[in-house]
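What follows is the residue order along each chain.
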Amino acid sequence: MEHHHFDQCLMILNSPGNQILANLSSEDYEKVVKVLEDAILSTDLAVYFSKRKAFIELVSSDGCASPLWGECDRRRGLLRAMCMTACDLAAITKPWPVERRVAALVAGEFFRQGDLERQNLNLTPIDIMNRDKEDQLPAMQVKFIDSICLPIYEAFAVLSPTLQPMLDRVKSNRAHWIEMSETDEKFDYSLDQAHIDKNDKSSTSSHVDDTEPYEADSSGAVSLSSETNSKYENQENPVVGLVCNNALTLPRDPKICQVNELN
């Protein structure tokens, strides 16, 4: 799937009107495409697991972001890869109503795929795609958070304290899933917005407020209200801060910078 995403990215970049790399030399083009490929393929969990240990060890040794993250190619590559995974998993950092809705949508999609595997291929789906085990979803979500999500957000909270609210939200959502698994609450995969609002509970985290107002469109998608968005719009974006500190960018190359001037 990740290779397909990369192929689609190249197709878009080479389509009329999107050729923003057209003025690069062949050498510079290859460098940029390599960065894009590494970033996109980093969303593969197998790649994530292969790089996570090294990233966490570096974060633990540094204690916070330092210029080394922008000056060292290896560190920059690790940080870029981990940022891609953190973004890929970002639903787990959202307020509980959003996280619950996303989980319902993903579970529904997985169960439909499992149904097709059972019907057309006579296979027993893996647990997360097996509709017969849908009552185990809350417990599986807790395992997913513990094994995949928590370690990376804990590392980013160390790297930049401004990312602590994301970690707090992950822990808050984990508590909700634990409560569901312990009370045997049936998870509704056709969850509508009214059901979400009715079952929402405010977080106990000192950094997170799960009672912020939400708005939903006709598809049932949930977003923060315009009032809430305006409250946060002037706050510093910690990821942008890392970029501005050259932690996520390529070394400044005059030839590459000329592209911006030409465009």
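Residues numbered from 1 in each chain as written. Predicted model: local features only at pLDDT ≥ 70, side-chain atom pairs only at ≥ 80, totals over all residues. Heavy atoms only, no water.

Engineer: Would you take a moment to explain the environment of Glu-154 for this structure?
Structural biologist: You can see Glu-154 is positioned in helix H7 (residues 137-159). Assessed through its relative accessible area of 37%, Glu-154 is described here as partly exposed. As for Glu-154 and Met-166, which are separated by 12 residues in sequence, their C-alpha atoms are 9.1 Å apart. (Helix = DSSP H or I, 4+ residues; strand = E, 2+ residues; numbered from the N terminus. Buried < 20%, exposed > 50% of the residue type's maximum accessible area, 1.4 Å probe, protein only.)

Engineer: Help me understand helix H8 (residues 164-183) in this model?
Structural biologist: Residues spaced three or four apart along an α-helix point in a common direction, a consequence of the helix completing one turn every 3.6 residues. Spanning 20 residues, H8 covers 29 Å between terminal C-alpha atoms, matching the ideal 28 Å at 1.5 Å per step. Residues of H8 that are buried: Leu-167, Asp-168, Arg-169, Val-170, Ser-172, Asn-173, His-176, Trp-177 and Met-180. Looking at the buried side of H8, the elements it contacts are helix H6 (96-121) and H7. (Expected span 1.5 Å × (residues − 1). Contact = heavy atoms within 4.5 Å.)

Engineer: Teacher, can you tell me more about the environment of Asn-14 here?
Structural biologist: Within the secondary structure layout, Asn-14 lies in the loop between helix H1 (2-13) and helix H2 (26-41). Side-chain polar atoms of Asn-14 contact the backbone oxygen of Leu-10, separated by 2.8 Å. (Polar contact = N/O pair within 3.5 Å; in protein donor to acceptor, adjacent residues only side chain to side chain.)

Engineer: Please clarify how H7 should be interpreted in this entry.
Structural biologist: Under the 1.5 Å per step criterion, the end-to-end length of H7 is 32 Å for 23 residues, consistent within 8% with the ideal 33 Å. The largest bend along H7 reaches roughly 45 degrees and is located at Cys-149, with the proline Pro-151 sitting one to four residues downstream. (Bend = angle between axes of the 7 residues up to and from the residue.)

Engineer: Help me understand the layout of surface pockets, please; the structure alone is not making it clear to me.
Structural biologist: Gaps left between atoms show up when a probe the size of a water molecule is rolled over them. Reported here for the second largest pocket is a volume of approximately 870 Å³. Along the wall of the second largest pocket there are 23 residues; nearest its centre are Asp-88, Leu-89, Val-106, Phe-110 and Phe-144. Taken together, the elements giving at least two residues each to the lining of the second largest pocket come down to H1, H6 and H7. Per-element accounting of the lining of the second largest pocket gives the leading share, 7 residues, to H6. A class-by-class count of the residues in the lining of the second largest pocket yields 16 nonpolar, 3 polar and 4 charged. (1 Å grid on protein atoms, 1.4 Å probe; cavity = no way out; pocket = protein on both sides within 12 Å on 5 of 7 lines; lining within 4 Å. Points joined across faces, edges and corners; volume = space filled by probe spheres on them. Nonpolar A, V, L, I, M, F, W, Y, C, P; charged D, E, K, R; others polar.)

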